[in-house]
Amino acid sequence: MKILPDLALTYDDVLLVPQYSDVPSRRKLSTQTKLTQKIALQAPIVSANMDTVTESEMAIAMAREGGIGIIHRFMSIDDQVREIARVKKAESFVVDNPITLTVAHTVGDVKKIVEETYTGGILILDEKGQIVGIVTTRDLLFEQDDSKLVSEIMTRDVVTAPRDTSLEQAEKILHKHRVEKLPLVDSKGKVAGLITLKDIMKIAEFPKATKDERGRLAVGAAVGVKAGDLKRVEKLLEAGADCIVVDIAHGDSQLEVEIIKAIRKNFTSAQIIGGNVATAEGTQRLIDAGADAVKVGVGPGSICITRIVAGAGVPQLTAVINCAAVARPQGIPIIADGGVRTSGDLVKALAAGASTVMLGSLLAGTDESPGLLMTRKGHRYKVSRGMASLQANVARKVREGEGEITQEELEDYVSEGVEAAVPYRGSAREMLTQLIGGLQSGMSYTNAHTVDELHEKAVFTRMTEVGLRESRPHDVEVM
Ligand code: XMP
């Protein structure tokens, strides 16, 4: 047995010492950072791969605001692939493979496809593969008879354009013909893409959006370390996942190292995030295995009980400082995962050396998280639950078609997470605006013009319980 000499600290143990600042306007400060070696973000925030936090809706919102979402893995491979596809389809200048049906299909067929893919416009082809019509959600709105042929309800005389049409040309054509969808065709008249007015407007509305090289929103996907997970990785990458997060509670393990090596070998260009670890040695092991970023956090999460159940973990600020100390000089970004409750915690995590933070419960309360909004004692709330909680695992079994949990499994299950109510917090966009605003203020107090400078210039001071009490509203009744 040995005891480490230094006291381990977390966010509430410290404050950033204010420094002389020449920042003229804090709101203009860049919060650009890196998720992995190759993926840049305008906002250093990642939504957690939890089943009460990130599915496609959250991932879309996160990417639009300059962050990124990681789709959780508590679902079948097909379902996870579908979630990735939804993000990829949500917005891009050109939809590469627009969905097509033929004149022989029925209204019922179109409705099914629209429902499954959230696609608002289906191109209709004749027997020779030429576009002869288009069906939009508006055409379907009041259509009751599902057995009708699409040819009876489709809009004919579709305006098309060549496949190399530019954004500016597309805008002009859409405006001139007062249409919202512009199919692109190749020299033989075959469908080669689709431009929609909605997508063009989105590009202007979300200038900070995180995009892939084809202009689609970026998204990550979580996998585990079991035998079938390499197959999952393959399918997720095929669907367009921009990074793979190998996510297990104790990432400093043989299984994690082996799967990272296997992913690196089989999918050489994949961006791999490994985790979770809480030590410098664990960080180095994942880097050596081939990780492009390392996720740090054992037990700090709001819904975690790992430290209570297993007695293991490292207070998060110390964990981030130690892991970043080895990763940063090698150009490997650190993701501080768990325990961020305020924008102040976000600033401290980045100052400690993280390049991004991962948020669970803060985002679980927003509109875009999966799950219903409920009311209890006059307050609105949503649910956040640990992925190692009994409830999450019961839900996973049902979702993956493994049936209900048995009495025996129930009695054997050792939970390392809880299910909790979190206050409703409006939209993810509002939440991110507050967090980024707080981060920019923190950067201004430390005279940091970039996220990197925040780390370089940061000076932490430790504080006592009394100091912490002084930091919060006190001796007043907060309204
Ligand atoms: P916050 O504090 O943002 O933390 O809600 C989210 C992170 O918590 C981790 N997580 C868990 N940790 N048992 C744990 O010990 C669990 O059941 C569990 N579920 C999630 C995870 O790292 C997440 O990003």
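Rules used in this analysis
Residues numbered from 1 in each chain as written. Predicted model: local features only at pLDDT ≥ 70, side-chain atom pairs only at ≥ 80, totals over all residues. Heavy atoms only, no water. Helix = DSSP H or I, 4+ residues; strand = E, 2+ residues; numbered from the N terminus. Buried < 20%, exposed > 50% of the residue type's maximum accessible area, 1.4 Å probe, protein only. Contact = heavy atoms within 4.5 Å. Areas by Shrake-Rupley, 256 points an atom, 1.4 Å probe, with all protein chains shown as cover. Lys, Arg positive; Asp, Glu negative; His and termini not counted. Charge placed at Lys NZ, Arg CZ, Asp CG, Glu CD. Pairing = 2+ DSSP bridges. Right-handed = clockwise from strand over helix to strand, strands pointing away. Salt bridge = Lys/Arg side-chain N within 4 Å of Asp/Glu carboxyl O. Domains from an automatic or database assignment. Buried area = accessible area lost by both parts, 1.4 Å probe. Phe/Tyr/Trp six-rings, centres within 6.5 Å; stacked < 30°, edge-to-face > 60°. Lys NZ or Arg CZ within 6 Å of the ring centre and 35° of its normal. Near = heavy atom within 4 Å. Polar contact = N/O pair within 3.5 Å; in protein donor to acceptor, adjacent residues only side chain to side chain. Nonpolar A, V, L, I, M, F, W, Y, C, P; charged D, E, K, R; others polar. 1 Å grid on protein atoms, 1.4 Å probe; cavity = no way out; pocket = protein on both sides within 12 Å on 5 of 7 lines; lining within 4 Å. Points joined across faces, edges and corners; volume = space filled by probe spheres on them. Axes fitted to C-alpha atoms, helices over the stretch in contact; angles between N-to-C directions.

Trainee: Sorry if this is basic, but what is going on with the overall build of the protein chain here?
Mentor: Counting secondary structure elements, the protein chain contains 19 helices and 21 strands. Based on the C-alpha atoms only, the size of the protein chain along its principal axes is roughly 75 × 65 × 55 Å. Relative to its 479 residues, the protein chain shows a buried fraction of 51%. A fraction of 65% describes how many contacts in the protein chain between residues 6 or more apart in sequence connect residues 24 or more apart. Per element, the accessible surface of the protein chain, about 23600 Å² overall, is 53% carbon and sulfur. Each charge class in the protein chain can be summarised by its mean position, and for the 58 positive and 65 negative side chains these summaries are 3 Å apart.

Trainee: Would you explain the pairing of strand 12 (residues 220–223) in this entry?
Mentor: The side chains of a regular strand alternate, first on one face of the sheet and then on the other. Residues G220 and A222 line one face of strand 12 and the alternating positions A221 and V223 line the opposite face, and both faces are buried. When strand 5 (residues 68–71) meets strand 12, the two strands line up parallel, connected through two bridges. Note on strand 12: the bridge partner recorded for I70 is G220. Where strand 12 meets strand 13 (residues 243–247), four bridges bridge the pair, whose relative direction is parallel. The residue of strand 13 that forms the bridge with A222 is V245. Crossover connection from strand 12 via helix 8 (residues 229–239) to parallel strand 13: handedness right-handed.

Trainee: Quick question: what am I supposed to make of the pattern of salt bridges here?
Mentor: Two side chains with opposite charge may pair up if their charged atoms get near one another. One pass over the structure, following the stated rule, counts 28 salt bridges. Between D12 and R341 there is a salt bridge, and its shortest N-O distance comes to 3.0 Å. Taken together, the residues span a long stretch of sequence, with D12 in the segment before strand 1 (14–16) and R341 in the loop between strand 16 (334–337) and helix 13 (343–351) at a distance of 329 residues. By relative accessible area, which is 42% here, R341 ends up partly exposed.

Trainee: Before we go on, may I ask you to explain the domain arrangement of the protein chain in this structure?
Mentor: Taken domain by domain, the protein chain consists of domain 1 (11–90 + 209–471) and domain 2 (100–205). Domain 1 puts six residues into the contact, and the matching count from domain 2 is seven residues. Taken over both partners, the interface formed by domain 1 and domain 2 buries close to 510 Å², and the fraction arising from carbon and sulfur atoms is 40%. Where domain 1 packs against domain 2, one counts one salt bridge.

Trainee: When you look at the packing of aromatic side chains in this model, what are you seeing that I'm missing?
Mentor: Pairs of aromatic rings are described using the distance from one ring centre to the other and the angle between the two planes. Scanning the model with the defined rule gives zero aromatic pairs in all. Of note, R376 hangs over the ring of Y381, and the distance from its end group to the ring centre comes to 5.1 Å. Seen from the ring of F74, R396 lies directly overhead, with NZ or CZ sitting 5.9 Å from the centre.

Trainee: Help me understand the site of the ligand in this model?
Mentor: Around the ligand there are 21 residues in total, and S302, C304, T306, D337 and E416 lie nearest to it. D337 is positioned such that a nitrogen or oxygen atom in its side chain is 2.5 Å from an oxygen atom of the ligand. Contacts to the ligand include A388, whose backbone N or O atom sits 2.7 Å from an oxygen atom. In isolation the ligand offers 520 Å² of accessible surface; the protein chains occlude 90% of this area. The residue inventory of the shell around the ligand, partitioned by class, reads eight nonpolar, eleven polar and two charged.

Trainee: Teacher, can you tell me more about unusual backbone geometry here?
Mentor: What you tend to see is this: most non-glycine residues have negative phi, and most peptide bonds are trans. Note that the residue after G275, namely N276, is joined by a cis bond; omega there is 0°. By secondary structure assignment, the location of N276 is in strand 14 (residues 272–277). Phi at D157 is positive, roughly 50°, even though this residue is not glycine. Note that D157 resides in the loop between helix 5 (150–153) and strand 9 (161–162).

Trainee: What is the right way to read the layout of surface pockets from this model?
Mentor: One simple way to see leftover space: roll a probe sized like a water molecule over the atoms. In this model, the second largest pocket occupies a volume close to 960 Å³. Along the wall of the second largest pocket there are 39 residues; nearest its centre are T119, G120, G121, K181 and K198. Contributing elements (two or more residues each) for the lining of the second largest pocket: helix 1 (56–64), helix 2 (77–90), strand 8 (131–136), helix 4 (137–140), strand 11 (191–196) and helix 7 (197–205). Viewed by domain, the lining of the second largest pocket spans two of them, domain 1 (11–90 + 209–471) and domain 2 (100–205), each represented by three or more residues.

Trainee: Is there a simple way to think about the sheet that holds strand 7 (residues 121–125) in this case?
Mentor: Think of a sheet as strands paired side by side through backbone hydrogen bonds, with each pair either parallel or antiparallel. Taking strand neighbours across the sheet as the criterion, the three strands line up as 6-7-8 in an open arrangement whose pairing is mixed. Single-partner strands in this sheet number two, and they are strand 6 (100–102) and strand 8. Across the sheet, the mean angle separating the axes of adjacent strands is 35° when strand polarity is ignored. Relative to strand 8, strand 7 runs antiparallel, the two sharing five bridges. The residue of strand 8 that forms the bridge with L123 is I134.

Trainee: Would you mind going over the side chain of T318 with me for this structure?
Mentor: Within the element layout of this structure, T318 appears in helix 12 (residues 316–327). In contact with T318, other than residues within four places in its own chain, are L7, A8 and L9.

Trainee: I would appreciate a short explanation of the sheet that holds strand 20 (residues 419–423) in the present structure.
Mentor: Here we have three strands laid out as an open sheet, ordered 18-19-20, and antiparallel in their pairing. The open sheet has two edge strands, strand 18 (374–376) and strand 20, and neither has a second partner. When the angles between neighbouring strand axes are averaged without regard to direction, this sheet yields 50°.

Trainee: In this structure, what is going on with the side chain of E55? I would like to understand it.
Mentor: Mapping E55 onto the fold places it in the loop between strand 4 (45–47) and helix 1. Residue E55 is classed as buried on the basis of its relative accessible area, which comes to 15%. Here H72 takes part through its side chain, which lies 2.8 Å from a polar atom of the side chain of E55. Excluding residues within four positions of it along the chain, E55 makes contact with I71, H72, M75, E83, P370 and R399.

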